[in-house]
Amino acid sequence: MDISSQQALHRPVLAILTMDDDNEQFRGNRSNFIDLIRTGYEMGVSVCVITVKDLRLRSKRMIGYLYNMESNTWTQQWIAIPHVIYNRIPFRQDEALPEVQQTLQACLKNPHFRFFNAAFFNKWTLFEWLSKTSTTAKYIPATRKMTSSLELESLLKLYSTIYLKPIRGKAGKGIMKVHRTYQLPTRKPEYRLSIQETKGSHILKSATVPLLWTKVQEKMEDEEYIMQQGIALARHRKRPFDLRVLVQKNAKGEWDLTGIGARLAGRSSITTHVPRGGSIDDPAKLLASCFGSAGARKILIRAKKASLAIARQIEKKSGNLLGEMSMDLGVDIGGHIWFFEANSKPMKFDEPPIRKKSLERIIHYSLHLIRLKNAKTNGTPINAIQA
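Since we're looking at a predicted model, the values are computed, not measured.

Enquirer: Which residues make up the packing of helix α7 (residues 149-158) against helix α8 (residues 209-220), and what are the values?
Expert: Put simply, α7 and α8 touch, their axes get as near as 9 Å, and they point 115 degrees apart. The two elements α7 and α8 cross, and the hand of that crossing is right-handed. In this structure, α7 uses Ser149, Leu152, Glu153 and Leu156 to contact α8, whose residues at the interface are Val209, Leu212 and Trp213. Residue composition of the contact of α7 with α8, by class: 5 nonpolar, 1 polar and 1 charged.

Below, the structure is given as structure tokens:
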């Protein structure tokens with residue numbers, strides 16, 4: 001089975017946008033792209049891959065990559081301008097290139113197709129957006145930009161534990177934790193800096209904030225950071241956990257919950273991210289171990305409400321069309337929901353039901369966008385992949 005020109009004829013076309021690559025044609029998670037291509041095929045949509053380099057907005061056609069499922073190979077082929085373009089440029093440094101930014105802005109303004117998830121999120125910008133409305137502010141931990149030792153000291157006076165997070169970080173990379181304790185019998189403060197590594201963390205101690213700041217700066221590597229109030233997360237067998245939530249637009253173009261997973265922190269890790277030693281678990285089970293079955297159900301309902309409110313606010317403030325986002329939500333020991341992070345380029349969810357639904361929703365939402373556009377243009381015929 002492949003997506004040939006005959007099979008694709010008259011089908012709507014969804015293009016996955018990524019970057020070209022000198023060695024491998026294009027960048028990105030190919031298995032993820034193939035899964036979406038298969039799902040599209042089953043649902044009557046032709047899905048292909050295009051690169052920023054090959055995107056020709058002023059032409060009637062461009063080069064795309066098609067996948068042959070029988071031979072497990074990719075081939076280049078001319079395609080008409082797609083009906084929908086889905087941004088999956090995989091790296092921030094690529095997306096930040098001036099020529100890429102110019103192309104993305106042109107995509108946003110192009111009247112011939114719909115373009116969604118135009119950019120990676122910025123952690124600091126997200127917290128600014130979400131803290132300015134009552135519907136989402138209640139989910140936001142105290143968060144500040146980290147610019148000096150005085151700023152660090154001021155937050156440590158308010159909270160005994162704070163997290164330091166790179167503004168453009170991903171999958172827990174670069175996260176640090178600071179915990180303030182007091183030495184006995186002098187009651188002098190001591191600061192323990194936990195630095196996240198691949199599968200664990202190591203600790204550095206400092207007697208003063210200026211000494212702590214020096215160590216933090218060494219680890220920041222010129223990255224911009226935020227500081228965030230540490231939350232006493234609910235625990236399962238003495239290990240903290242949080243929720244991984246996927247929200248997407250459905251066939252009606254409305255935000256909806258696709259699924260909720262859970263991630264349990266590794267024994268020596270300061271985050272729950274799987275690449276940093278965390279593990280996948282069942283959210284209902286973990287929550288029930290802390291709050292009982294009835295309590296777990298109520299928290300999951302509240303998590304859904306929170307995630308949808310957050311998604312709507314982020315899209316509203318971004319000013320761009322969004323089709324999906326994943327979120328990290330914490331649940332504290334009192335059962336309160338906290339927002340930690342959102343990602344506009346969600347990684348694959350390993351839970352099979354969530355994974356299947358997530359692929360279908362990308363196709364459903366693309367079809368919704370096409371219907372809207374066709375309605376505005378009085379049902380202009382579909383142009384598909386062409387030989």
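Now, onward.
Enquirer: Account for the packing of aromatic side chains, naming residues and giving values.
Expert: For the structure shown, the criterion picks out 7 aromatic pairs. When the centroid spacing of 5.0 Å and the interplanar angle of 55 degrees are considered together, the rings of Phe26 and Tyr65 count as tilted. With a gap of 39 residues between them, Phe26 in strand β3 (residues 25-26) and Tyr65 in strand β5 (residues 61-68) connect regions that are remote in the sequence. Comparing Phe26 with Tyr65 shows no difference in burial state: the two are buried. Through pairs of rings, three or more aromatic residues link up here, namely Phe26, Phe33, Tyr65, Tyr67 and Trp74. The ring of Phe120 carries the charged tip of Lys345 above its face, separated from the ring centre by 3.8 Å.

Enquirer: Describe unusual backbone geometry, listing the residues and the values that go with them.
Expert: In terms of backbone geometry, most residues other than glycine have negative phi values and most peptide bonds are trans. Phi at Asn72 takes a positive value of approximately 55 degrees, unusual for a residue other than glycine. The phi angle at Asn117 is positive, at roughly 60 degrees, despite the residue not being glycine. Inspection of the secondary structure puts Asn117 in the loop between β8 (114-116) and α5 (123-130).

Enquirer: If you had to explain the packing of α5 against helix α9 (residues 283-318) to someone new, which residues and values would you point to?
Expert: It is at 10 Å that the axes of α5 and α9 come closest, and there the two elements cross at 105 degrees. For the element pair α5 / α9, the angle class is roughly perpendicular. For the pair formed by α5 and α9, the contact residues are Leu126, Trp129 and Leu130 on the first element and Ile310, Gln313, Ile314, Lys317 and Ser318 on the second.

Definitions and cut-offs
Residues numbered from 1 in each chain as written. Predicted model: local features only at pLDDT ≥ 70, side-chain atom pairs only at ≥ 80, totals over all residues. Heavy atoms only, no water. Axes fitted to C-alpha atoms, helices over the stretch in contact; angles between N-to-C directions. Helix = DSSP H or I, 4+ residues; strand = E, 2+ residues; numbered from the N terminus. Left-handed = near helix turned anticlockwise from the far one by under 90°. Contact = heavy atoms within 4.5 Å. Nonpolar A, V, L, I, M, F, W, Y, C, P; charged D, E, K, R; others polar. Phe/Tyr/Trp six-rings, centres within 6.5 Å; stacked < 30°, edge-to-face > 60°. Buried < 20%, exposed > 50% of the residue type's maximum accessible area, 1.4 Å probe, protein only. Lys NZ or Arg CZ within 6 Å of the ring centre and 35° of its normal. Parallel < 35°, antiparallel > 145°, perpendicular 65-115°, else oblique.

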